[in-house]
Amino acid sequence: MTAWRRPLAHFYGFISSGGLTSLANSRYDLAVIGSGPGGYVAAIRATQLKMRVAVVEREEVGGVCLNWGCIPSKALLNSAETIESIRGAGKEHGIEVGEVKVDFARVIKRSREAADKLSKGVRFLFRKNKIDLFEANGSIAGPNSVALGQAAGKPAPAAQAIEAERILVASGSGERLFGGMKVGDGVMTSREALLNDHLPESVVVIGAGAVGLEFAYFYQAFGAKVTVVELEKQMLPGFDAEIAEELRRSFVRRGVTVMLGHGYKSMERKGGRWTVTLDAAGTAKTVDAEAVLVAVGRSPLSPNLGLEKVGVELDRGGFIKVDDSFRTACPSVYAIGDVIRPPLLAHKASAEGIAAVEIMAGVREPGFDLMSIAGCIYCEPEVATVGLTEAQARERGIEVKVGKIPFRAIGKAVAVNQTEGFVKIVASKEYSEVLGAQIIGHRATDLISEIVLGRTLETTTAEIGKTPHPHPTLSEAIMEAALAAEGEAINF
Ligand SMILES: Cc1cc2nc3c(=O)[nH]c(=O)nc-3n(C[C@H](O)[C@H](O)[C@H](O)COP(=O)(O)OP(=O)(O)OC[C@H]3O[C@@H](n4cnc5c(N)ncnc54)[C@H](O)[C@@H]3O)c2cc1C
């Protein structure tokens, strides 16, 4: 219990921008800047650890994940999967479907409704956990002080500053554009695309990372002509090359044009359309489309936070530097989530948030295993990876064995007509310890959790292979791949 804690203040409960005068001078154990999956989860865990917590948020509660990322984009992908299965119904199931009409505005509206519902849910959790929410623009005024400024579109905050023993920066990341680019007239980042209720006839997607590919799949499923442009020689740069190639082939089969090894140079508006000029090893090429989606990564939101006032250091990419305890160069200031390092993922932000406050409370040792963070892409087929790829393990001098099983060998995959893709498990040759897995296929993002848990438990391919998996399920592909690594696959 810190000297600053005033448990009675919990009775103030939830506070929005109004009615804060009574708290203007009170002190918190923890002030969190940002209410994304990093900040809000850390705040709740901190109250469980008996801290008195304030959260400062300048936009919608829930951050990018709930409002502009994971949730609305997955709602759109669910609509895409639905229209794909309706279109395929006649061919595959013998069910005749009449003309399919799309109300694209409704598709977008449904995704906004999902986002709003979950944002409201986080407000409820703040009330339930007696977390004070300050809807304001927060910046660090001193090692124990967060200044509150008026946020765009919000009323002036009732307090000018809050004091706290510790400050946790969870300000996340923002969309990135190339120099000279401006959104508007069909040029979108993911944020504009999530609001755009006009289905473009054609789209150039710049960037074949997770966000670019999810939107490419979405627009293609709704009938737009989609071209994906990527500077690197493979889709999903940094992922297992075999998985990336399998996904490229699947996209091409669906009718997406994929231009790898093509760098963006410039774009020009002509006759209400965009001509995008690309560089392919010195040769200029152009692609023409009604809309352009720019998905070239995100930048940490570290500027304008007052970090320099307390000596917080940044790395070259603008990410906040932290130690094993998520502590910055200023001992009372901590940071987590997108603002500290890749991978920019919601579950990484949440896990770091929990770890940071548990370390602050002294109930956990410093350290965090980034290798247990799964990377998932939710297009169809889905992609999910965790831990080391075969190539990464070999680069580290580890002798490995690899078990690989295609979904076409799995009964459930055949029954539900989802035979694209495969599961690959990488294990150490000496101990059979699971080092990583890469999955491409239907529901890959759900299947990967078995391997994530397996890594936490330091499990072996022999143990997974001997665990009876329910039949018929797609999870049998994990069991079979583990058996394959042992040279004991039954169904392939
Ligand atoms: C289109 C898209 C799809 C995605 N899909 C997935 C997915 O499927 N799975 C996944 O794991 N990840 C996904 N992500 C990434 C995921 O959204 C982020 O990794 C995650 O939101 C990061 O969480 P965070 O808490 O670090 O920051 P954020 O979610 O960015 O939250 C930071 C919050 O801080 C607030 N803030 C910033 N500065 C201030 C300030 N000065 N004062 C007050 N408030 C401030 C912001 O308004 C924001 O609400 C996706 C991202 C995008 C763009």
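Refer to the structure presented above.
Residues numbered from 1 in each chain as written. Predicted model: local features only at pLDDT ≥ 70, side-chain atom pairs only at ≥ 80, totals over all residues. Heavy atoms only, no water.

Digging into the packing of helix α3 (residues 70-93) against helix α6 (residues 210-221)
Interaxial distance between α3 and α6 falls to 9 Å at its minimum, and their mutual angle equals 40°. The orientation of α3 relative to α6 falls into the category oblique. Note on packing geometry: the crossing formed by α3 with α6 is left-handed. Residue-level inspection shows Ser 73, Lys 74, Leu 76, Leu 77, Ala 80, Glu 81, Ile 83, Glu 84 and Arg 87 of α3 in contact with α6, the latter providing Glu 214, Phe 215, Tyr 217, Phe 218 and Ala 221. Partitioned by chemical class, the residues of the contact of α3 with α6 number eight nonpolar, one polar and five charged. (Axes fitted to C-alpha atoms, helices over the stretch in contact; angles between N-to-C directions. Helix = DSSP H or I, 4+ residues; strand = E, 2+ residues; numbered from the N terminus. Parallel < 35°, antiparallel > 145°, perpendicular 65-115°, else oblique. Left-handed = near helix turned anticlockwise from the far one by under 90°. Contact = heavy atoms within 4.5 Å. Nonpolar A, V, L, I, M, F, W, Y, C, P; charged D, E, K, R; others polar.)

Considerations on the sheet that holds strand β20 (residues 400-406)
Taken in spatial order, the five strands of this open sheet run β18-β19-β22-β21-β20, and their pairing is antiparallel. The sheet is open, and its two borders are formed by β18 (375-377) and β20, each paired with just one other strand. For this sheet, the mean angle separating the axes of adjacent strands, direction not counted, is 10°. Bridging between β18 and strand β19 (residues 382-387) involves three bridges; their strand directions are antiparallel. (Pairing = 2+ DSSP bridges.)

Points about the environment of Gly 90
Secondary-structure assignment places Gly 90 in helix α3. What makes Gly 90 partly exposed here is its relative accessible area of 31%. Once the C-alpha coordinates of Gly 90 and Thr 283 are considered, the two residues, 193 residues apart in sequence, prove to be 44 Å apart. (Buried < 20%, exposed > 50% of the residue type's maximum accessible area, 1.4 Å probe, protein only.)

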